[in-house]
Amino acid sequence: MAAAVVRGGTEILSSVVQGQVEVHEPYGGVVPELASRDHVRCVSSVVEAALAQAGIPSHELSAIAVTAGPGLIGSLLVGLSFGKALAYRLGVPMVGVHHLKGHLASAELADPSLRAPYIGLLVSGGHTALYRIEAGAAPRLLGETRDDAVGEAFDKVAKLLDLGFPGGPAVSAAAESGDAAAVRFPRPMVDRAGFDFSFSGLKTAVALEVERRAECGALGAADIADIAASFEAAAIEVLVSRARQALRELGIGRLAVVGGVAANRRLRAEMANAAAEDGFEVSFPPPALCTDNAAMIAAAGSQLLARGDRHGLDLNSFSRGSGPL
Ligand code: KG4
Ligand code: ZN
C-alpha cells in the first residue's frame, strides 16, 4: 500500500510505501486475500503519513489520483474506494490511473530533463514491454513478453534456489558472489525479429540445472550463487539487447527503464555500458521510484487531469487489460 503527495505533477512532497513482506513471507508469494485485508488495515494510516510528511492538510489537495488496475482486484478496490471517498469529502476531482502508465510516468518524474521521443522499457513482476513514447500521444506498444514477465522469472528462480521472498533483490544479492559464466543459460528470442520477449524457457532451464545439481547432493552456497548469477546475466542480456535493437531500428537516441526490475544493479550497469558503446542516453529512476510507489501514480494522474480527464464515483477497478482506462 502506498500514498504520496506530488505538487504540479513533478515535485514529490512525500512518498510512503508500506510493504507487506511479513504478511506474505511465510507463504513464499503474495496471498491475495491477505493482501486486501492488509490494505484495509493500513490505508488510512498510510494516507495520513503521506500528508503529514508533506506537511499538507488534506483540504489543500486539489485532486486525487488512484490506481484502478490492473492488479489484484481486492487490493485495488480498497484503494479505489478510499480514493473515491476522499475526493467526495474534499470536493475535488478524482482520476483513475492505469498501473503501467504510472510506471511509465516515473521516468519523467525522476528525470525532468527527459524529453520525448524516447523508448520506454517496462520491466516489472507482471509486465515486460517496450514502448515508443511520443509527446502528447499515448505510449505505443512495440513488443512484450509472450509468457512470463522478467520480474516473475526472478521470483520463480528465487523460489527454486530457496532464496525467499521477494525474489528479485534476493537473486540479485546471491548473484553478487557467483560466476555469471558458470552456466550458459538460453537467451530466449534475442535472435528473432520484432520486439517480443519470452522468459519461461529460461526459467525452465534454471529448474533443470537445479535438478541436475541436486542429484549429486544438496546445493551449496557456491552452486546457488553461480546459478543466480548465470540466470541474472541471461535475463539482463535479453533486456539490454532488445532495448538496443529498438533504439537502433526506430532511430531513437533515448531510453527510459522503469518498473521493479529497473532497480536491478546489473541491469543498470549493463545498460549504461551499452549506452556508452552505442551512444544513446539512458535514464533510470532511483530504485524507490522503480518498484511500486504512489508518486508515479500521482504524476500520471496529474497528466490526465491536465488534459481534462476525470472519473466519476462509478469508476470500477479491473484485474487485467485496460478496463475503462
Ligand atoms: O513494479 P513492481 O514493484 O511491481 C509490479 O508491478 O509487478 O515490480 C516487482 C518486481 C518483482 O518481480 C521483483 O522481484 C522485481 O520487480 N525486483 C527486482 C529487483 N527489485 C525488484 N528484480 C531484480 N532485481 C532487483 N533488484
Ligand atoms: Zn508495478
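Since the structure is predicted, the reported quantities are computational estimates derived from the model, not experimental observations. (Residues numbered from 1 in each chain as written. Chains lettered and ligands numbered in written order. Predicted model: local features only at pLDDT ≥ 70, side-chain atom pairs only at ≥ 80, totals over all residues. Heavy atoms only, no water.)

Draft legend 1. Region of interest: the pairing of strand β2 (residues 11–17). Taken together, the 6 bridges between strand β1 (residues 2–7) and β2 define a ladder with antiparallel strand orientation. When the sheet's bridge partners are listed, Val5 is paired in β2 with Ser14. From the end of β1 to the start of β2, which pair antiparallel, there are 3 residues, and Gly8 there has a positive phi angle of about 60°. (Pairing = 2+ DSSP bridges. Helix = DSSP H or I, 4+ residues; strand = E, 2+ residues; numbered from the N terminus.)

Draft legend 2. Structural view of the coordination of the zinc ion (ligand 2). Around the zinc ion (ligand 2), the protein supplies His99 (NE2), His103 (NE2) and Asp292 (OD) as donor atoms, at distances of 2.0 to 2.1 Å. If you list the donors of the zinc ion (ligand 2) from N- to C-terminus, the spacing comes out as H-x3-H-x188-D. Of this pair, His99 sits in helix α4 (residues 99–110) while Asp292 sits in the loop between α10 (287–290) and α11 (295–306), placing them 193 residues apart in sequence. When its relative accessible area of 47% is taken as the criterion, Asp292 is described as partly exposed. (Donors = N, O, S within 2.8 Å, 3.2 Å for Na, K, Ca; no water. Buried < 20%, exposed > 50% of the residue type's maximum accessible area, 1.4 Å probe, protein only.)

Draft legend 3. Inspection of helix α6 (residues 167–175) at higher detail. With respect to burial, α6 is a largely interior element, 7 of its 9 residues being buried. Looking at α6, one finds that the buried residues are Gly167, Gly168, Ala170, Val171, Ser172, Ala174 and Ala175. Against α5 (150–160) and α8 (221–250) lie the buried residues of α6. (Contact = heavy atoms within 4.5 Å.)

Draft legend 4. Seen up close, the domain arrangement of the chain. Domain annotation of the chain identifies domain 1 (2–102 + 290–306) and domain 2 (115–284). Each of domain 1 and domain 2 has a C-alpha centre, and these two points are 28 Å apart. In this complex, domain 1 contributes 11 residues to the contact, which on the side of domain 2 involves 12 residues. Taken together, both faces of the contact between domain 1 and domain 2 bury some 880 Å²; the carbon and sulfur share is 77%. If you look at where domain 1 meets domain 2, you find 0 salt bridges. Across the domain 1-domain 2 interface, the total number found is 1 residue pair in polar contact (both at pLDDT 80 or more). Within the residue set of the side of domain 1 that touches domain 2, elements represented by two or more residues are α1 (21–24) and α4. For the side of domain 1 that touches domain 2, a count of residues per class yields 5 nonpolar, 4 polar and 2 charged. (Domains from an automatic or database assignment. Buried area = accessible area lost by both parts, 1.4 Å probe. Salt bridge = Lys/Arg side-chain N within 4 Å of Asp/Glu carboxyl O. Polar contact = N/O pair within 3.5 Å; in protein donor to acceptor, adjacent residues only side chain to side chain. Nonpolar A, V, L, I, M, F, W, Y, C, P; charged D, E, K, R; others polar.)

Draft legend 5. Here's a closer look at the sheet that holds strand β6 (residues 128–133). The strand order across the open sheet formed by 5 strands is β7-β6-β5-β8-β9, and the pairing between neighbours is mixed. Strands with a single pairing partner mark the edges of an open sheet, and in this sheet they are β7 (140–144) and β9 (281–283). The sheet shows a mean angle of 20° between the axes of neighbouring strands, taken without regard to direction. Alignment of strand β8 (residues 254–258) against β9, held across 3 bridges, turns out to be parallel. Within β9, the position partnered with Ala256 by the bridge is Ser283. Contacts between α8 and the sheet are confined to β5 (118–123), β6, β7 and β8, with β5 contributing the most and set at about 160° to the helix. (Axes fitted to C-alpha atoms, helices over the stretch in contact; angles between N-to-C directions.)

Draft legend 6. Here's a closer look at the side chain of Asp38. With respect to the secondary-structure elements, Asp38 resides in helix α2 (residues 32–54). Sequence-distant contacts of Asp38, that is, excluding residues within four places in its chain, are made with Gln20 and Val23.

Draft legend 7. Quick peek at unusual backbone geometry. Omega for the bond connecting Ala116 with Pro117 falls within 30 degrees of zero, at 5°, which places this linkage in the cis form. When you line up the elements, Pro117 lands in the loop between α4 and β5. Geometrically, the link from Phe165 to Pro166 is a cis peptide bond, its omega value of 0° lying close to zero. The phi dihedral of Asp162 falls on the positive side, at around 60°, and the residue is not glycine. Assignment of secondary structure puts Asp162 in the loop between α5 and α6. Judged by its relative accessible area of 69%, Asp162 is exposed. Unusually for a residue other than glycine, Met189 sits at a positive phi of about 75°.

Draft legend 8. Structural context of the site of ligand 1. Taken together, 17 residues are adjacent to ligand 1, and Gly125, Asp155, Gly168, Asn264 and Asp292 come closest. Measuring from an oxygen atom of ligand 1, one finds a side-chain N or O atom of His103 at 3.0 Å. For ligand 1, an oxygen atom lies 2.8 Å from a polar atom in the backbone of Gly125. About the coverage of ligand 1: the protein hides 85% of its 550 Å² of free accessible area. Looking at the shell around ligand 1, the elements with two or more residues in it are α4, α5 and α6. Broken down by element, the residue count for the shell around ligand 1 peaks at 3 residues, all from α5. The residue inventory of the shell around ligand 1, partitioned by class, reads 5 nonpolar, 10 polar and 2 charged. The residue makeup of the shell around ligand 1 includes at least three contributed by each of domain 1 (2–102 + 290–306) and domain 2 (115–284). (Near = heavy atom within 4 Å. Areas by Shrake-Rupley, 256 points an atom, 1.4 Å probe, with all protein chains shown as cover.)

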